Amino acid sequence: MSQGNIGVVLPDYQLATERVADEGKVYELIIIGGGPAGLTAGVYAARKRMDVLLLTQDIGGQVMLTGEIENYMGYERITGEELIARFKEQLSHQEITVQEESRVASITRGGKVFIAYTDEGYSYRARTVIIASGKRSRPLDVPGEERLVGRGVSYCAVCDAPLFAGRDVAVVGGGNSGLTAAIDLIKIANKVYVVSAHSSLPGDPVLVEQVEQTPQVDIFVFCDVQEVLGRERVTGIRIRSRQEEEERTLPVQGVFVEKGFLPNSELAQDIVKLSEDHEIIIDLGCRTSVPGIFAAGDVTTVPEKQIIISAGEGAKAALSAYNYLITTS
Amino acid sequence: MAFLKGDTKGQVQKELEGLSGKVKLVLFTQKQDCQYCRESRMLLEGVASLSDKITLEGHDFKGEANVVQEYKVDRAPAIAVVGTKDTGIRFYGVPAGHEFVSLLDAIRMTSVGDSGLSQQSRELVKQLTVPVHIQVFITLGCPYCPKAVTMGHKLALESDGIVSDMVEASEFPQLASKYNVFAVPKVVINEKIQFEGALPEPNFVQHVMKAK
C-alpha cells in the first residue's frame, strides 16, 4: 500500500492578493483561467505594464492532477504541483490582480469594453480578454457511470488510485493521461486493464512500451465501454470490440476514466466562434472571431494539448492583446 | 527520510513566522504495525524545530492509556492539535504530501485562535446540540483534499462540540472500507451523513447542521 515517495507539498506561494478585483474600473486585460496558458499570459502582460485582472477557479488547473512531468523543458523531471508552484512564484513578482475561486460564466460586449460575469455574481470590465479556461474530463457517457461516481468510477487517478490497493481496475483511454494513470495503478492494484477505442494505444511510445511490458496489464484496443456494472459499487465494465463485434465483461472494482477532454468553452459560446468540437477557433496570433478577445491553450483549436504548448500560447495571446490595445487606442 | 530540507525548511519557517499563541502537537505512535509512525514523528520534529511557538509531545499509543483516553484517539499515528485547550483537530496518518498544507493551516489557526469561518457559519454551529464527529478521508496525492480537511478543522476549532479528523485512507484500509471510500475527499459526519468532494463552506456547514 505504498504511496510512493512520501514528501511534502508546500503551501501555495502567495500571489499578490493585496490587489483586490475592482468591479468599478475598466482593466486593459482580463485573463480567464489559471493554468499554464493563463499564468504565462499574466507574466507577459504584466511585463508590458498592462493593467491585468486574472480570474480563475484555481491556480494550476489540470497540471495539479498530473504526477510526474518529463517533457517540460528546463526540468528533467518535475511534479505537476512543483511546476505550478514555480509558475506562481514567477507570477507573484509581477504587478497583476489575481482573483481565485472566481468562475466566469459568460462574456458580453458593452460598448467598447467586454464584461465578464462570474458565477459568484460579480462582473468585471476590460478592453481585451484572453480566454484560457482549459478543458475538463470527458465522461464515458454510458449507463451506470453517473450512479457509480465515487463508488468505483473515478476521474482523478492521482487522488483515488491508492484506494484500489490489491483490487482489479480498468483504465479507459490509451492516451498519455490514461497510460500515466495505468502506470500509477500498476504499483498499487492487482490487475490493470487498459481499454482504448483506437486500434492501437495512441499515447507516447515511451509510455506505451512501459505499459505493454508489465505482465499484470491486459490491453483491449478498438473497444468501447458499453456499461459500468454494479449497484452499490462497481463490479465490472462491459466492453464491446469494434472489429469482432463481440462483448465481454471485465470484472473490476475501479474504473478510471481518461477518455480525453471537453473544452471549457461554454462561457464564450455566445460571443466567439467555436469549432465542431466546441473549441474556440483561433488564428496563429491567438485571435478569436471577435477583435479584442483572444484565447490560448486547451480551450482552443491549437493542435496538441501540452503544458509547454499552452504556456507558449499564453505568451502569444498576451502579446497579441498588447498589440491590439496599442493599435486601437 | 528527511522531509524538510534546505529550501523547503526556509519556506516552512516563513509560513510559521506569523504565529502568536503556543501550539502543542500531541503525537501518538506505536512501535509495531505502523507504517508511517516514524515518518510522522520525523515530520513533526522537523516542523516543531522551525518555530519556538510549536512544541511536540510524543506518546506511546499502546503504553499510555491515560493520555490516549484524554485525547480519545483510537489508532496510530494520530496527532491532536492543542492551543490554549484541545481544539478537537485530529490527524490520523502522516500529514505529508498535499496534507502538509492542512497541518500548517491547523497550526496557524490554532495559534491565532481564529477559525476564519464566516459570521454566518459561526452562528450556525452555535446551534448544534449534539457532539459532532467529522471524518475527512483523503490520500496524499489528492490536491482537492486539504480544502475539505481544513474546513473540518475550522469547525472543530470554532466549536467545542466538534472533533474533526483527517484520515489518510490508505493507512487505514479497514476504516476506508467500512465507509466505502472509493473517491476522496470523502466526508463522514456522525457515521450517517456522508458526501464526497471539497464543498464550499456554506454547503459543508449545511451537512454538519444535519447532525443536530
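Note that the structure is predicted; figures quoted are calculated from it, not measured.

What to know about the overall build of chain A
Right, on to step 1. Of regular secondary structure, chain A possesses six helices and 19 strands.
Right, on to step 2. Taken over the C-alpha trace, chain A has a radius of gyration of 21 Å; the compact-globule value for 329 residues is 20 Å, and the two agree within 12%.
Right, on to step 3. Within the span of chain A, comprising 329 residues, buried residues form 51% of the whole.
Right, on to step 4. Within chain A, counting contacts between residues at least 6 apart in sequence, those at least 24 apart form 60% of the total.
Right, on to step 5. Carbon together with sulfur atoms contributes 46% to the accessible area of chain A, which is approximately 15500 Å² in total.

Some words on the packing of aromatic side chains
Residue and element names in this part refer to chain A.
Right, on to step 1. Inspection of the entire model under this criterion finds eleven aromatic pairs over all chains.
Right, on to step 2. Ring geometry for Tyr193 versus Phe220: centroids 6.1 Å apart, planes at 35°, classification tilted. Taken as a pair, Tyr193 in strand 12 (residues 191–195) and Phe220 in strand 13 (residues 217–220) lie far apart in primary sequence, 27 residues in all.
Right, on to step 3. Ring geometry for Phe294 versus Tyr324: centroids 6.0 Å apart, planes at 75°, classification edge-to-face. Residue Phe294 is found in strand 19 (residues 293–295), and its partner Tyr324 is found in helix 6 (residues 307–328); the two are separated by 30 residues along the sequence.
Right, on to step 4. Three or more aromatic residues joined by ring pairs make a cluster, and in this case those are Tyr72, Tyr75 and Phe87.
Right, on to step 5. Sitting above the plane of the Phe222 ring, Arg242 keeps its charged end 5.9 Å from the centroid.

Quick look at the sheet that holds strand 8 (residues 193–196) of chain B
Residue and element names in this part refer to chain B.
Right, on to step 1. Strands sit in the order 2-1-3-4-6-5-7-8 across an open sheet of eight strands; the sheet is mixed. What marks the edges here is a single partner per strand, and that holds for strand 2 (54–60) and strand 8. The mean inter-strand angle of the sheet, taken between neighbouring strand axes irrespective of direction, is 20°.
Right, on to step 2. Relative to strand 2, strand 1 (residues 23–29) runs parallel, the two being bridged by seven bridges.

Quick notes on the pairing of strand 15 (residues 236–241) of chain A
Residues and elements named next belong to chain A.
Right, on to step 1. Where strand 14 (residues 223–229) meets strand 15, six bridges bridge the pair, whose relative direction is antiparallel. Counted as the bridge partner of Cys223 is Ser241 from strand 15.
Right, on to step 2. The hairpin turn running from strand 14 into strand 15, its antiparallel successor, is six residues long, and Gly230 in that turn takes a positive phi close to 130°.
Right, on to step 3. Bridge count for strand 15 against strand 16 (residues 247–250) is four bridges, and the pairing is antiparallel. Residue pairing in the sheet places Arg238 in a bridge with Thr249 of strand 16.
Right, on to step 4. The antiparallel hairpin formed by strand 15 and strand 16 contains five residues in its connecting segment, where Glu245 sits at a positive phi of about 50°.

Comments concerning the interface of chain B and chain A
Right, on to step 1. At the interface, 34 residues of chain B touch 28 residues of chain A.
Right, on to step 2. Both sides of the chain B and chain A interface together cover about 2600 Å² of buried area, and 63% of this is carbon and sulfur.
Right, on to step 3. Contact with chain A buries surface across chain B, with B:Gln11, B:Ser170 and B:Phe182 losing the most and accounting together for 26% of the total.
Right, on to step 4. At the surface where chain B touches chain A, the tally comes to two salt bridges.
Right, on to step 5. Here chain B and chain A share five residue pairs in polar contact (both at pLDDT 80 or more) between them.
Right, on to step 6. Those elements that place two or more of their residues in the side of chain B that touches chain A are helix 1 (6–15) and helix 4 (99–112) of chain B.
Right, on to step 7. Of all the elements, helix 1 of chain B adds the most residues to the side of chain B that touches chain A, at four residues.
Right, on to step 8. Of the residues belonging to the side of chain B that touches chain A, the class tally is 21 nonpolar, nine polar and four charged.

As for the pattern of salt bridges
Residues and elements named next belong to chain B.
Right, on to step 1. Across all of its chains, the model carries 28 salt bridges over all chains by this definition.
Right, on to step 2. Across the pair Asp74 and Arg75 runs a salt bridge, and its minimum N-O distance is 2.8 Å.
Right, on to step 3. By relative accessible area, which is 51% here, Asp74 ends up exposed.
Right, on to step 4. On the basis of relative accessible area, Arg75 is assigned to the buried category, the value being 12%.
Right, on to step 5. Ionic pairing is found between Asp105 and Arg108, a salt bridge with its closest N-O pair at 3.1 Å.

Comments concerning the domain arrangement of chain B
Residues and elements named next belong to chain B.
Right, on to step 1. Examined at the domain level, chain B breaks down into domain 1 (20–95) and domain 2 (119–209).
Right, on to step 2. Here the C-alpha centroids of domain 1 and domain 2 sit 20 Å apart.
Right, on to step 3. Counting residues at the interface gives 14 residues for domain 1, matched by 17 residues for domain 2.
Right, on to step 4. Here domain 1 packs against domain 2, burying approximately 1200 Å² in sum over the two surfaces, 59% of which is carbon and sulfur.

As for the environment of A:Ser106
Residue and element names in this part refer to chain A.
Right, on to step 1. With respect to the element layout, Ser106 can be found in strand 6 (residues 104–110).
Right, on to step 2. Judged by relative accessible area, which is 26%, Ser106 ranks as partly exposed.
Right, on to step 3. Sequence separation between Ser106 and Arg127 is 21 residues, and the spatial gap between their C-alpha atoms is 16 Å.
Right, on to step 4. Beyond its immediate chain neighbours, meaning those up to four positions away, Ser106 contacts Ile115, Ala116, Tyr117 and Leu267.

Observations concerning the sheet that holds strand 11 (residues 168–172) of chain A
Residue and element names in this part refer to chain A.
Right, on to step 1. Pairing is parallel across the open sheet formed by five strands, whose spatial order is 10-17-11-12-13. In this open sheet, the two edge strands, each paired with only one partner strand, are strand 10 (153–154) and strand 13.
Right, on to step 2. When strand 11 meets strand 12, the two strands line up parallel, connected through five bridges. Looking across to strand 12, one finds that Ala170 is bridged to Tyr193.
Right, on to step 3. Strand contacts of helix 4 (residues 176–186): strand 11, strand 12, strand 13 and strand 17 (254–257), with the helix running at about 165° to strand 11, the strand carrying the most contacts.

Things to note about the domain arrangement of chain A
Residue and element names in this part refer to chain A.
Right, on to step 1. The domain boundaries assigned to chain A delineate domain 1 (26–137 + 261–328) and domain 2 (153–257).
Right, on to step 2. The C-alpha-based centres of domain 1 and domain 2 are spaced at 32 Å.
Right, on to step 3. In this assembly, four residues from domain 1 lie in contact with four residues from domain 2.
Right, on to step 4. Three residues, Leu65, Gly67 and Ser137, lead the burial of domain 1 against domain 2; their summed loss comes to 68% of the area buried on that side.
Right, on to step 5. Between domain 1 and domain 2 we count zero salt bridges in total.
Right, on to step 6. Across the domain 1-domain 2 interface, the total number found is zero residue pairs in polar contact (both at pLDDT 80 or more).

Overview of the state of the cysteines
Residues and elements named next belong to chain B.
Right, on to step 1. One pass over the full model with this rule turns up three disulfides over all chains.
Right, on to step 2. Here Cys34 is linked by a disulfide to Cys37, with a sulfur-sulfur distance of 1.9 Å. The sign of the S-S torsion, about 90°, decides the handedness of the disulfide formed by Cys34 and Cys37: right-handed. Assigned by exposure class, Cys34 and Cys37 land together as buried.
Right, on to step 3. Residue Cys142 pairs covalently with Cys145 via a disulfide, S to S 2.3 Å. Of note, the bridge from Cys142 to Cys145 carries an S-S torsion of about 90° and is right-handed in sense. The two residues Cys142 and Cys145 agree in class, both being buried.
Right, on to step 4. Here the disulfide map of chain B reads 1-2, 3-4, the bonded cysteines being numbered as they appear in the sequence.

Thresholds applied
Residues numbered from 1 in each chain as written. Chains lettered and ligands numbered in written order. Predicted model: local features only at pLDDT ≥ 70, side-chain atom pairs only at ≥ 80, totals over all residues. Heavy atoms only, no water. Helix = DSSP H or I, 4+ residues; strand = E, 2+ residues; numbered from the N terminus. Rg over C-alpha atoms; globule rule 2.2 N^0.38 Å. Buried < 20%, exposed > 50% of the residue type's maximum accessible area, 1.4 Å probe, protein only. Contact = heavy atoms within 4.5 Å. Areas by Shrake-Rupley, 256 points an atom, 1.4 Å probe, with all protein chains shown as cover. Phe/Tyr/Trp six-rings, centres within 6.5 Å; stacked < 30°, edge-to-face > 60°. Lys NZ or Arg CZ within 6 Å of the ring centre and 35° of its normal. Pairing = 2+ DSSP bridges. Axes fitted to C-alpha atoms, helices over the stretch in contact; angles between N-to-C directions. Buried area = accessible area lost by both parts, 1.4 Å probe. Salt bridge = Lys/Arg side-chain N within 4 Å of Asp/Glu carboxyl O. Polar contact = N/O pair within 3.5 Å; in protein donor to acceptor, adjacent residues only side chain to side chain. Nonpolar A, V, L, I, M, F, W, Y, C, P; charged D, E, K, R; others polar. Domains from an automatic or database assignment. Disulfide = S-S within 2.5 Å.

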